[in-house]
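# Chain and residue survey
In case you want the letters, here they are:
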Amino acid sequence: MAADIYATTDLRAHVDGLFLRKKLIALGLPLLVLGYLVYVFFAFDIMGLAQRARMDNAMTLAADMVSYKTHVTRDNRSGTTTVAIEGERKGQYPDGHLPDWVRMDGGNTFINLGADHQVTFMTDGSLLLRVPEFGEITAKMDGRSVVTNLPADVPNWINLSKTRLAITTDAGRISFTRNKTEVFNYAPGWELFFFTFDSPYYGAGILDILFGARIDPDRMNIAGALADFWHNKMWSHGQVAWALFETLLMAFLGTFGAAIISLPLAFLAAKNFTPLQPIRFALRRVFDLFRGIDGLIWTIILARAFGPGPLTGALAILLTDTGSFGKMFSEALENVDGKQIEGVASTGAAPMHRYRFGVIPQITPVLLSQVLYFFESNTRSATVIGAITGGGIGLLLTQAMITQKDWEEVTYYIILIVLMVMLMDSLSGWLRRKLIKGE
Amino acid sequence: MAFVEGDFRAHYISMTKRKRLYGGMLLSFFILLMVSGFMLADDRNAAGFWDGLTQIFDFPAAVWADTAPKLDQLPGHIATYFPALVETINIAAVSTLIGAIFGTLLSLLSTRGLARWPRAIPIFRRSMDMMRAMPEIVIALMLIFILGGGPVPAMIAIAFHTTGALGKLFSEVNENADLKPVEGLSSVGASWFQRMYLGIIPQVLPNYFSYALLRFEINIRASAILGFVGAGGIGYELKNAMSWGKGKFDEAAAIFILLFATIVLFDQLSSMVRNHLSAKGGH
C-alpha cells in the first residue's frame, strides 16, 4: 500500500504542489500587506498630509523644547518696560536686576540681541533697530498706523502692515504695535527650572547651597532650597509630583481593586469549581461585557457620575480590568492540577481550606504576574484616562499642549512620564521574577 | 539526634508562625495602602464616591431616553458612523503591522545569538524600553500640533509604542528558537538577513502572529481613545456627538453600540484564532 501511495511520480507531484503552495504564500503574503498599505495610503490621504503639515510648527516645537525666550516688553500706553522669562509675570526680572544684554538709561532701553543686532526703545515711544548687512530700521506710531523708514518692498523676514511691524531675525524677534513694543530673545536651556527670581537661592551654585554660608538667614540652606524648588512658581515641581502620584494611584487602585473583585468571581466562572452551567455562562458574559465596554466608554460614563479626578480614572480602570482579570483568572483556575486539591481534601479539609491550601498556592504566581503586568501597562493608560477625565499628569500634559507655547514644560512632563513608566516596568519585572521564581 | 521529634515539631510550628506573621503583615500593609489610596482619591475627586454611586446610571438613562423615541433612526446613525469605525480599525491594523515589522527587526537585533551586532544589543534593548514607555497620547498630541487632526498622528503614535511592546515579546520568543537552522544556513554562506528570514522566522511566526493579534485588539481600544483627544476615527465622532449635549445623545448611542460590537467581535475572533494556534502546538 505504502509503495503505491508514495510512488516516485506521485511523491514528486505532491512535493511540487507543496512547493507551489509555499511559493504562493511567500509571494502572496507580502503582496497582500503591500496592497493593504497602498489602500491605507490613499484612505488616510498621506499625499494631502504632506501639504497640510505645518513644518513651521515643528520648528517651533523643536526649538522651544530646548530653549526659552525672554520678553522685553514696553507698554506704549504707560511707557513702562518689563523684562520677563516667557513673558510671564512669575518670571519677571526684579527692578535693578536686568540681564546683561538689557540696559535702561533714562527713558531709553538698549537691547543687545547678539550678532550685532541692536534694538533701542526710545523715550518718545519709537523703535530703533540695527541689523547688520541691512542697516537701521526706525518705526514709530503716527496716530493709529505704523510709520517706518522701510522701502515699499521689504525682505521676507520683515512683516509690515498698517498696524503692526514684525521682524524675525536669527538673533530674535521684534514686534511693534500701538499697544506695545516687544522683543523676544531666545537662549538655550530651561531658565528658572530650579529657582525663580524671588527665591534667594536664584543663581546660587549647588556647592554654595550644600557647603556654603547660609544664604537665607531664616532657613537652613538645604531645607530652604528644597522648599523653594518644590514651590517654584514657573515649573511648580510640587504640583507635577502630585500629578504623577495621582496617575500612579489611579493605576494602583484600578488594577488591584479589579484583582480583588474578580478573584471570587473567577471561581464562580471556572468549570471545575462551579458545576452550575447557567452561572458560569452568565458570569462569562458579564466579563465580556465589562471588557467590551472599553475604557473610553467607562471613562465617559463615570466622569458624568463622579466628576473629574483620580477616583473616576481608577474606577474606569477597575471596571475594564475586572472583565479581563475575570476571564484570565477563570482560565487559570480551570488549568489547576486536581491532585493537590485531592491531597488536601484527603486530610478532611473543608472547601474553604481546600481552596486556600490546594488552589491558591498553585495560581498565585500566575495571577500575580498578570496583575503586575497590568499594573505596569495601566500606568500608561492612566495618563490617557487622566487627560480625558481631568486628573493626574495627563491633565497637565494636555493643558500644556493646548496652549501650544510651553513646549519645554511638555518636554519636562514627557521625560517624567517615560521615567515613571520605565521605573514601573523594571519594578514589576523585578517583583515578578522574585515572586515566581523565588530568586 | 539533633532532630528529636519535639524539636522538629517546635521548629516547624515556629516557622509556620513566622510565615503567617509575614504574610499577615504584608496583607495588612496592602489593605492599608488600598484603603488610604481610595480615601485620598475620593478626597481629590470632584464628586465623592458615595454621591457618584447614586448617579452612575443617570448618564446611561439619559442616553436611553434620547435614543428610545428615535429608535428607527438608529440604523441610519450606525451607517453614518461606520466609515469612522473603519478608520479606527485601519489605524489599529496599520500600526500593528508597522509595529510588528519594526518589532521583528529590533527583536532579532537584540537577541543573544542572533544579533547582527552583538555589542549593540543593549542599545536596541534600551531603545525598545523607551518606545514601550512612551504613552501613545504624548506622541499623538505632538503630531496633531504639526500634522493637524486625522488618522496619521494616531497611527504613528500607536505604531511607535507597538514596536517597543512587540519587540520585547518577540525577543522572548526568539530566545527559545532553535539555532541549528541558522548554523546550517551560515555554513552555506547565507547573509544575516537570509539566516533570519529562512532560519528563524519560520520557527517563530506562529507565536509572533499570536502576539500581534493580541496587540491588534489592544490597539483598537487605543485608537478609539486617541480619537477622543482629536486623532480621527470613531473616538473623534464620539467626542463630537457627546458635545451635542442632553437631548441629542442618540448619535452617541449609535457610536457606543458600534464600538462595543467591534471590540467584542475582535476580542472573540482573536481569542478563537489564538486558541486554534496554540491547539496546534504553535507548530
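Computed from a predicted model, the values in this text were never measured in an experiment. (Residues numbered from 1 in each chain as written. Chains lettered and ligands numbered in written order. Predicted model: local features only at pLDDT ≥ 70, side-chain atom pairs only at ≥ 80, totals over all residues. Heavy atoms only, no water.)

## Digging into the packing of helix 10 (residues 234-243) of chain B against helix 11 (residues 250-279) of chain B
All names here are of chain B. The interhelical angle for the contact between helix 10 and helix 11, taken along N-to-C directions, is 155°, at an axis separation of 8 Å. Overall, the two elements helix 10 and helix 11 adopt an arrangement that is roughly antiparallel. Seen from above, helix 10 lies across helix 11 with left-handed handedness. Every residue of helix 11 that contacts helix 10 at Ile234, Glu237, Leu238, Ala241 and Met242 is listed here: Glu251, Ala252, Ile255, Phe256, Leu258 and Leu259. Class assignment for the residues of the contact of helix 10 with helix 11 results in nine nonpolar, no polar and two charged. (Axes fitted to C-alpha atoms, helices over the stretch in contact; angles between N-to-C directions. Helix = DSSP H or I, 4+ residues; strand = E, 2+ residues; numbered from the N terminus. Parallel < 35°, antiparallel > 145°, perpendicular 65-115°, else oblique. Left-handed = near helix turned anticlockwise from the far one by under 90°. Contact = heavy atoms within 4.5 Å. Nonpolar A, V, L, I, M, F, W, Y, C, P; charged D, E, K, R; others polar.)

## Regarding helix 8 (residues 277-292) of chain A
In this model helix 8 of chain A runs 22 Å from its N-terminal to its C-terminal C-alpha over 16 residues, within 8% of the 22 Å that 1.5 Å per residue would give. Regarding helix 8 of chain A, the residues found buried are Arg280, Leu283, Phe287, Asp288, Arg291 and Gly292 of chain A. Buried residues along helix 8 of chain A sit against helix 7 (237-269) and helix 10 (310-334) of chain A together with helix 9 (192-228) and helix 11 of chain B. (Expected span 1.5 Å × (residues − 1). Buried < 20%, exposed > 50% of the residue type's maximum accessible area, 1.4 Å probe, protein only.)

## What to know about the packing of aromatic side chains
The relative placement of two aromatic rings is captured by the distance of their centres and the angle of their planes. Taken as a whole and judged by the stated rule, the model has 24 aromatic pairs over all chains. Taking the centre distance of 5.3 Å and the plane angle of 75° together, the rings of Phe273 of chain A and Tyr355 of chain A count as edge-to-face. Of the two residues, Phe273 of chain A is situated in the loop between helix 7 and helix 8 and Tyr355 of chain A in helix 12 (residues 351-389); the sequence distance between them amounts to 82 residues. Residue classification places Tyr355 of chain A among the partly exposed positions, given a relative accessible area of 26%. Ring centres of Trp407 of chain A and Phe145 of chain B lie 4.6 Å apart, and the angle between their planes is 40°; this geometry places the pair in the tilted category. Within this pair, whereas Trp407 of chain A is found in helix 14 (residues 407-437), its partner Phe145 of chain B is found in helix 6 (residues 136-147), the two belonging to separate chains. Aromatic ring contacts, followed pair by pair, group Phe252, Phe256 and Phe375 of chain A together with Phe30 of chain B into a single cluster. Across the ring face of Phe281 of chain A, the terminal group of Arg285 of chain A is positioned such that the distance to the ring centre comes to 4.8 Å. Arg44 of chain B extends its terminal NZ or CZ atom over the ring of Trp242 of chain A, reaching a point 4.1 Å from the ring centre. (Phe/Tyr/Trp six-rings, centres within 6.5 Å; stacked < 30°, edge-to-face > 60°. Lys NZ or Arg CZ within 6 Å of the ring centre and 35° of its normal.)

## Things to note about the domain arrangement of chain A
It is common to give the size of an interface as the accessible area lost on bringing the parts into contact. Annotation of chain A at the domain level lists domain 1 (2-43), domain 2 (69-188) and domain 3 (237-437). Of note, the centres of domain 1 of chain A and domain 3 of chain A, computed from C-alpha atoms alone, are 43 Å apart. (Domains from an automatic or database assignment.)

## Topic: a nonpolar patch on the surface
All names here are of chain A. The grouping of Leu31, Leu34, Val38, Phe41, Phe42 and Met47 at the surface amounts to a nonpolar patch, some 640 Å² of accessible area in total. Ranked by residue count, the leading element in the nonpolar patch is helix 2 (residues 8-43), at five residues. With respect to the helices, strands and loops of the structure, Met47 is situated in helix 3 (residues 46-52). Judged by relative accessible area, which is 56%, Met47 ranks as exposed. (Patch = residues over 30% accessible without salt bridge, like charges linked within 9 Å, V, L, I, M, F, W, Y side chains within 5 Å. Areas by Shrake-Rupley, 256 points an atom, 1.4 Å probe, with all protein chains shown as cover. Salt bridge = Lys/Arg side-chain N within 4 Å of Asp/Glu carboxyl O.)

## A few points about the sheet that holds strand 10 (residues 165-168) of chain A
All names here are of chain A. On the basis of which strands lie adjacent, the open sheet formed by six strands has the order 2-1-12-11-10-9 and antiparallel pairing. Every interior strand has two partners, whereas the edge strands, strand 2 (81-85) and strand 9 (158-160), have only one. Averaged over all pairs of adjacent strands, the angle between their axes in this sheet comes to 10°, without regard to strand direction. Inspection of the sheet shows strand 11 (residues 172-176) paired to strand 12 (residues 180-188) by five bridges, in the antiparallel sense. Note that in strand 12 the partner of Gly172 across the bridge is Asn185. Each of strand 1 (67-75) and strand 12 is contacted by helix 4 (residues 55-66), which is oriented at about 95° to strand 1, the strand it contacts most. (Pairing = 2+ DSSP bridges.)

## A word on the sheet that holds strand 7 (residues 135-142) of chain A
Residue and element names in this part refer to chain A. The strand order across the open sheet formed by six strands is 3-4-5-6-7-8, and the pairing between neighbours is antiparallel. Only two strands of the sheet have a single neighbouring strand rather than two, namely strand 3 (102-105) and strand 8 (145-148). Neighbour-to-neighbour, the strand axes of this sheet turn through a mean angle of 15°, independent of strand direction. As defined by bridge partners, strand 5 (residues 117-121) adjoins strand 6 (residues 127-131) across four bridges and the pair is classed as antiparallel. Note that in strand 6 the partner of Gln118 across the bridge is Arg130.

## Focus on the interface of chain A and chain B
Facing 64 residues of chain A, the contacting portion of chain B comprises 61 residues. Interface of chain A and chain B: buried area, both sides summed, is about 5800 Å²; carbon and sulfur atoms make up 76% of it. Three residues, Phe44, Phe306 and Leu311 of chain A, lead the burial of chain A against chain B; their summed loss comes to 12% of the area buried on that side. Run the count over chain A and chain B and you get five salt bridges. Between Asp425 of chain A and Arg132 of chain B there is a salt bridge, with the nearest N and O atoms lying 3.0 Å from each other. Counting the contacts that link chain A with chain B gives 14 residue pairs in polar contact (both at pLDDT 80 or more). For the side of chain A that touches chain B, the residue count by class is 43 nonpolar, 10 polar and 11 charged. (Buried area = accessible area lost by both parts, 1.4 Å probe. Polar contact = N/O pair within 3.5 Å; in protein donor to acceptor, adjacent residues only side chain to side chain.)

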